[in-house]
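Fold and geometry: a report
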Amino acid sequence: MAIYLAANPLGVFAVSEGKIVWKLLFGKDSLQAAKKLNSWKTLPEVIETIKRFSALTDQPNPASEYLSTHLREIAPEAGFNPGELGLFLSATGAELSKLSITSTERRDKIIVQAVSALNDLDKILNLKTERLREWFGLHYPEFSMRDHEKFVTEIMAKGSREKFDNYHGSHGISFKAEDISTVQLYATALRTDYELRKKLEAYLAVMVKEEMPNTTALLGTLLAARLLAQAGALEKLAKMSSSTIQLLGAEKALFRFMKARGREKVKAPKFGILFTHPDVSGAPRDKQGKIARLLSSKLTIAARADFYSKENKGEALLKEYKEKVAEALRE
Amino acid sequence: MGAQEKFPGVSIVNGRLAVNANHSFFGEIVEKGYRFWDPNRSKLGAALMKGLKELPIKFGSSVLYLGAAHGFTTSFISDIVGSAGIIYAVEFSERCFKELLPIAEKLKNVVPIKGDARMPETYSWIEKMDVVYCDIADPQQTEVAIRNCSAFLKPKGYLMIAIKTQSIDVTAQPATVAQAEADKLRKAGFDVLEVLNLEPFEEKHYFIVARSRA
């Protein structure tokens, strides 16, 4: 008669014909029980028992079924009274889960947070710079400087319009000393945000290249990081179909299209954040969708290589992709 | 106070849902032994406010809770089943789980399981349950619930399932989706006891209570 093995927080049990024929109890310490339950098939006593009875260990099996039906009857034999059992199970479940959390942590989650921080920062920078432009514009509306960061640096350094090069009078209102020093204070704080943004971007570039070299080869560091953030995790990205990757970031448009079901003139989206790739945004309008599709098909392979094999095939993928794009543009 | 007990341990106090408990984990109000239960934050709470006729979760029940999230509903079920009952709370998302864990450790009758409800074999060490409660936003949620029932539900046990119709089919009518899911349960050997629309507490959500025929 076949003998089956199964484990629960109380211990490992061998069951044959509805009876326990062998057992190894884990004891009353939750952490120890969780550790043993987590890798019960590798415990020396269990390995010996498997050999001795040629016991079967695939789960679920008649033994696991027996244990889950009779847990409450087995507990007193393992030394637990009914009041203790619930507490012990709760604590062991917590310990067991903690073991699985620490073993599944990956670097990609840090990237996702850093990208989100970068995205937040971009919004903040735009908002604050706009405010500074309007504020300082009262004083010196003639001053024009397209580059945001340079604009901020200039105001931080000079403050008063009289200090600017080529100043030939202004229609703006005059600022008192404290008006100027306050605007300068705001500009100085803003300037540190720009510094922070640069540091974040440099940090991300290194992380992303290390964690997902193949995807980075196709997209560059920033877009690769954004794609990862949109997917949520590298594992998720690696499991996505290429059509899903193509539309990452276009979920709203996609659901609008699905709901309309062709009844109204709602077009299917052709790309999400991939649009920010220069090959897509720079292509003629009728080719953009096609190029997004070519790109996402290569990205699927790249993301899988990054997550599973860790093989470096970025250059080969990029070459294949470039050839296909050239072909598509010739048509 | 105008308090009326709807089910053992579950009352309506001046029009608000409450359980008998004195602790608070999510900033909910506790007054004179009543712990108030916001039906806008809990689908089971919403189902109770919408006139659920039978509550299979009782003092001493064992419950498998799939999709426990941060543990809000779980904590109220914990109050209902009391120290004689037990809840196995399965949550897949690591972020949610990290918030669930400390609450489970305080409640003492909740067994937290970081696991994937779609793969019940990964937590096959748990016991047989009186009730399986399923609230996962997955297109296959009913199939997942049925699979967990066949692994862990006692004979004649109950299944309670919160259906998010939007994650099954965004294009179909919510009522049609709910009926289709109820039919799946009937085919899988359940009697469908109640189908509740959870509006206005939750939009496009239904709540089904079923009982295993075997």
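Our subject is the structure that appears above.
Report follows, based on the coordinates. Bear in mind that the values here come from a model prediction, so they are computed numbers and not experimental data. (Residues numbered from 1 in each chain as written. Chains lettered and ligands numbered in written order. Predicted model: local features only at pLDDT ≥ 70, side-chain atom pairs only at ≥ 80, totals over all residues. Heavy atoms only, no water.)

Re the overall build of chain B
Scanning chain B from terminus to terminus reveals 6 helices and 12 strands. By the burial criterion, 58% of the 214 residues in chain B qualify as buried. Long-range contacts, defined here as pairs at least 24 residues apart, represent 59% of the contacts in chain B between residues at least 6 apart. Just so you have it, chain B exposes about 8,600 Å², and 51% of that area is on carbon and sulfur atoms. (Helix = DSSP H or I, 4+ residues; strand = E, 2+ residues; numbered from the N terminus. Buried < 20%, exposed > 50% of the residue type's maximum accessible area, 1.4 Å probe, protein only. Contact = heavy atoms within 4.5 Å. Areas by Shrake-Rupley, 256 points an atom, 1.4 Å probe, with all protein chains shown as cover.)

Considering the interface of chain B and chain A
Taken together, the 25 residues of chain B in the interface contact 30 residues of chain A. Taking both partners together, chain B and chain A bury about 2,200 Å²; carbon and sulfur atoms supply 59% of that area. Applying the counting criterion to the chain B and chain A interface returns 4 salt bridges. One salt bridge connects Lys128(B) with Glu65(A), and the closest N-O pair in it is separated by 2.6 Å. In this structure, the connection of chain B to chain A is made through 7 residue pairs in polar contact (both at pLDDT 80 or more). Listing elements by their share of the side of chain B that touches chain A, those giving two or more residues are β7 (86-91), α3 (94-107) and β8 (110-114) of chain B. If you tally residues by element for the side of chain B that touches chain A, the top one is α3(B), at 6 residues. The residue inventory of the side of chain B that touches chain A, partitioned by class, reads 14 nonpolar, 3 polar and 8 charged. (Buried area = accessible area lost by both parts, 1.4 Å probe. Salt bridge = Lys/Arg side-chain N within 4 Å of Asp/Glu carboxyl O. Polar contact = N/O pair within 3.5 Å; in protein donor to acceptor, adjacent residues only side chain to side chain. Nonpolar A, V, L, I, M, F, W, Y, C, P; charged D, E, K, R; others polar.)

Some remarks on the pairing of strand β9 (residues 129-134) of chain B
Residues and elements named next belong to chain B. Counting buried positions over the 6 residues of β9 gives 5, a clear majority of the element. By the bridge criterion, 4 bridges tie strand β6 (residues 62-66) to β9 in an arrangement that is parallel. Along β9, the bridge assignment pairs Val63 with Val131. Summarising the sheet, β9 and strand β10 (residues 153-164) pair through 5 bridges and their orientation is parallel. Note on β10: the bridge partner recorded for Tyr133 is Met160. Following the chain from β9 across helix α4 (residues 141-152) to the adjacent parallel β10, one finds a crossover that is right-handed. (Pairing = 2+ DSSP bridges. Right-handed = clockwise from strand over helix to strand, strands pointing away.)

Concerning the packing of helix α14 (residues 285-309) of chain A against helix α15 (residues 314-330) of chain A
Packed helix pairs are specified by the crossing angle of their axes together with the interaxial distance, meaning the distance between the axes. Residue and element names in this part refer to chain A. At their nearest, the axes of α14 and α15 sit 10 Å apart, and the two run at 165 degrees to each other. Classified by the angle their axes make, α14 and α15 are roughly antiparallel. Here α14 and α15 pass one another in a crossing that is right-handed. Between α14, through Lys287, Lys290, Ile291, Leu294, Leu295, Lys298, Ile301 and Ala302, and α15, the contact on the second element is made entirely by Leu317, Glu320, Tyr321, Lys324, Val325, Ala328 and Leu329. (Axes fitted to C-alpha atoms, helices over the stretch in contact; angles between N-to-C directions. Parallel < 35°, antiparallel > 145°, perpendicular 65-115°, else oblique. Left-handed = near helix turned anticlockwise from the far one by under 90°.)

Focus: the sheet that holds strand β2 (residues 11-16) of chain A
Residue and element names in this part refer to chain A. Ordered by their spatial adjacency, 3 strands build an open sheet running β1-β2-β3, and the pairing between neighbours is antiparallel. The sheet is open, and its two edges are formed by β1 (4-8) and β3 (19-25), each paired on a single side. Across this sheet, the average inter-strand angle for adjacent strands is 25 degrees, counted without regard to direction. The pairing of β1 with β2 spans 5 bridges and is classified as antiparallel. Of the residues in β2, the one forming a bridge with Tyr4 is Val15. Packed on one face of the sheet, helix α2 (residues 44-53) meets β1, β2 and β3 and runs near 155 degrees to β3. Packing against the sheet, helix α3 (residues 62-77) makes contact with β1, β2 and β3, and its axis sits at approximately 50 degrees to β1.

Focus on the sheet that holds β9(B)
Residues and elements named next belong to chain B. Spatial strand order, β8-β7-β6-β9-β10-β12-β11: 7 strands in an open sheet with mixed pairing. Of all strands in the sheet, those bounded by a partner on one side alone are β8 and β11 (190-197). Put simply, the sheet's adjacent strands are angled 15 degrees from each other on average, direction ignored. Taken together, the 5 bridges between β6 and β7 define a ladder with parallel strand orientation. For Tyr65, the partnering residue across the bridge sits in β7 and is Ala89. Each of β6, β7, β8 and β9 touches helix α2 (residues 72-81); the most contacted strand, β7, lies at about 170 degrees to it.

Some details on the packing of aromatic side chains
For the structure on display, the rule yields 17 aromatic pairs over all chains. Between Phe136(A) and Tyr140(A) the ring centres are 6.4 Å apart and the planes differ by 70 degrees, which places this aromatic pair in the edge-to-face class. On the basis of relative accessible area, Phe136(A) is assigned to the buried category, the value being 2%. Among the residues examined, Tyr140(A) registers a relative accessible area of 7% and is labelled buried. Both rings, one in Tyr140(A) and one in Phe143(A), keep their centres 5.8 Å apart while their planes meet at 20 degrees; by these two values the pair is stacked. Overall, Phe143(A) belongs to the buried group, its relative accessible area being 16%. Aromatic ring contacts, followed pair by pair, group Phe136(A), Tyr140(A), Phe143(A), Phe151(A), Phe164(A) and Tyr167(A) into a single cluster. The lysine or arginine in question, Arg133(A), covers the ring of Phe151(A), its NZ or CZ lying 4.1 Å from the ring centre. Stacked on the ring of Phe92(B), the Lys or Arg Arg118(B) has its end atom at 5.8 Å from the ring centre. (Phe/Tyr/Trp six-rings, centres within 6.5 Å; stacked < 30°, edge-to-face > 60°. Lys NZ or Arg CZ within 6 Å of the ring centre and 35° of its normal.)

Quick notes on the nonpolar core
Leu10(A), Val12(A) and Tyr88(B) are the most contacted members of the largest nonpolar core, which totals 61 residues. When residues in this core are grouped by element, the largest group, 5 residues, is from α3(A). Contact partners of Tyr88(B), with chain neighbours within four places excluded, come to Leu71(A), Leu89(A), Val63(B), Leu64(B), Tyr65(B), Val111(B), Ile113(B), Trp125(B), Ile126(B), Glu127(B) and Met129(B). Formed by 56 residues, the second largest nonpolar core is a distinct cluster that contains Val112(A), Leu121(A), Leu219(A) and Leu295(A). (Core = buried A, V, L, I, M, F, W, Y, C linked by side-chain atoms within 4.5 Å.)

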